[in-house]
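Listed below, chain by chain, are the residues.
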Amino acid sequence: MNTKGVWALIICALIALVTAISHISCIFLGAACYQAQLAPAQIVQSATDGTLLAPLATLTVSLLFILCGLFALSGASFIKKLPFQNLALLTIAILCTLRGLSTVPLSFLFPEIVSDFSLIAGAIWFITGLLYAYGYICVRKSCA
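(A) Layout of the overall build of the chain. Of the regular secondary structure elements, the chain holds seven helices and zero strands. Moving toward the C terminus, one meets the helices and strands of the chain in the order α-α-α-α-α-α-α. Dimensions of the chain, computed from C-alpha atoms along their principal axes, come out at roughly 50 × 35 × 20 Å. Expressed as a percentage of its 144 residues, the buried residues of the chain come to 34%.

The structure is reproduced here in structure tokens:
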């Protein structure tokens, strides 16, 4: 794998880790943090009420982001190769790209939740998906 592919996956790992940390911060910062990060109403209400749904859902989602970061580091050969590495990188690339692309139609369907944050997040996830895809290609074969 070339260094561009390694750097693409390292950037992906950093984005995934920062995302996990930002989600976990909601557990400590409360309902306003969940709302700022556009969490579903049930999660915001759970944070307000102090029930377990919000922290458990947050930890679950954060663990998924951490797992995405680990697969990126594995693909970059920073850590031992993880099982199903290629399948995971491809799946993550597709999901991140679709998440980014979904921003446009969702903005028309739900204009009340459109914000600078939602648009920037969509762009970041689209770019992250492309970086995962590039890293995946580099893991599978040599790339330029």
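So, next bit.
(B) View of the environment of L29. The topology assignment puts L29 in helix α1 (residues 3-29). On the accessibility criterion, L29 (62% relative accessible area) is exposed. Sequence separation between L29 and A57 is 28 residues; the distance between their C-alpha atoms is 15 Å.

(C) Representation of the nonpolar core within the structure. L9, A72, L89, I92 and Y132 are the most contacted members of the largest nonpolar core, which has 20 residues in total. Residue assignment for this core shows that the elements contributing at least two residues are α1, α4 (53-75), α5 (85-101) and α7 (116-140). The leading source of residues in this core is α1, at seven residues. Not counting residues up to four positions away in its chain, the partners in contact with L89 are L9, F71, A72, G75, Y132, Y136 and V139. One finds C26, C33, Y34 and A54 within the second-largest nonpolar core, a separate group that totals six residues.

(D) The packing of α4 against α5, seen in detail. With their axes 10 Å apart at the nearest point, α4 and α5 run at an angle of 125° to one another. Between α4 and α5, the crossing angle belongs to the class labelled oblique. Viewed along their axes, α4 and α5 form a crossing whose handedness is left-handed. Packed against α4, whose contacting residues are C68, F71, A72, S74 and G75, the element α5 presents Q85, A88, L89 and I92 at the interface.

(E) Quick peek at the environment of G50. Along the chain, G50 falls in the loop between α3 (41-49) and α4. Residues G50 and I137, 87 residues apart in the sequence, show an inter-C-alpha distance of 44 Å.

Here is what the cut-offs are and how they apply
Residues numbered from 1 in each chain as written. Predicted model: local features only at pLDDT ≥ 70, side-chain atom pairs only at ≥ 80, totals over all residues. Heavy atoms only, no water. Helix = DSSP H or I, 4+ residues; strand = E, 2+ residues; numbered from the N terminus. Buried < 20%, exposed > 50% of the residue type's maximum accessible area, 1.4 Å probe, protein only. Core = buried A, V, L, I, M, F, W, Y, C linked by side-chain atoms within 4.5 Å. Contact = heavy atoms within 4.5 Å. Axes fitted to C-alpha atoms, helices over the stretch in contact; angles between N-to-C directions. Parallel < 35°, antiparallel > 145°, perpendicular 65-115°, else oblique. Left-handed = near helix turned anticlockwise from the far one by under 90°.

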